[in-house]
Structure formats: structure tokens, C-alpha cells
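Structure assessment
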Amino acid sequence: MNWEVLFWKFLKFGVVGFSGLFVDFGVTYLVKEVMKGHKYLANSLGFICAATSNYVLNRIWTFESHTDQIGVEYLKFFGVSVVGLLFSNAIIWILHEKVKMNFYVAKVISIGVVVVWNFFANLIFTFK
């Protein structure tokens, strides 16, 4: 794969991820602030909902997957996302609990790290 194709795929992945950001933060806010749920449960649910919407958009637009093994592909994508979720929660825990950074600022930083992991893991593993 050449650099130009990789660049455009990463850009598309970023656009999809940005849409997932609204899903993620929306669900996180709803569970944490409105429903008074635990912050890490809220973060996990937001991440899972965003991962699901991101799978659909990335399958269709970013990676243009045509496999009929949608269930297997989704499980791979979700597995990559779960590893990303572990990274996300660890980063948030360190920045929020130990460094005393605002929860949502820590979440934004974690997203920056996790997006790089998710893109390359999905490029190499899920949508190869």
C-alpha cells in the first residue's frame, strides 16, 4: 500500500472516528452525568457504542470491505476496540486519578493515543 492511499484511509478513519467521538462522549455523558453511573462504566459504554458505529462506517467507507464474513470481521474490529478500551481506561486512570487532570481532558488525550492503535491494528488485522 502506498503512502497516498494510506494517508487517505487514515483521513477517512479520522472522519469516522470524529463522528464516533460524538457517540462516545454523548453516551459517556448520559450514563455518567444524567444516569449517575460510574465514570469507568460510562466510559466503557461510550467506547463500545462508538466502536460499533465506527465499524459500520469504516467497513463501508474507509476500508470498503466486501467480505460476507461480517460477524467475524465485526468481532475482529471489536477485539481491536476492546484493546483500545483497555488503553483508554489505563490512560484516563493515570491522568485523572494520579495526575488529577480533568476527566474529559484525560479522555481526549486517551482518544488521541487509541486512534493510532485502532487504525493500524484494523488495517493490518481486521480489514487486511
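Residues numbered from 1 in each chain as written. Predicted model: local features only at pLDDT ≥ 70, side-chain atom pairs only at ≥ 80, totals over all residues. Heavy atoms only, no water.

Some points on the pattern of salt bridges
Oppositely charged side chains are able to pair whenever their charged atoms sit close together. Taken as a whole and judged by the stated rule, the model has five salt bridges. Where Lys 107 meets Asp 24, a salt bridge forms, and the shortest distance between an N and an O atom there is 3.0 Å. In this pair, Lys 107 is assigned in helix H4 (residues 103-126) and Asp 24 in helix H1 (residues 3-34), connecting sequence segments 83 residues apart. Looking at Lys 107, the relative accessible area reads 0%, which means it is buried. We classify Asp 24 as buried; its relative accessible area is 4%. With a shortest N-O distance of 2.8 Å, Lys 32 and Glu 33 are connected by a salt bridge. What makes Glu 33 partly exposed here is its relative accessible area of 26%. (Salt bridge = Lys/Arg side-chain N within 4 Å of Asp/Glu carboxyl O. Helix = DSSP H or I, 4+ residues; strand = E, 2+ residues; numbered from the N terminus. Buried < 20%, exposed > 50% of the residue type's maximum accessible area, 1.4 Å probe, protein only.)

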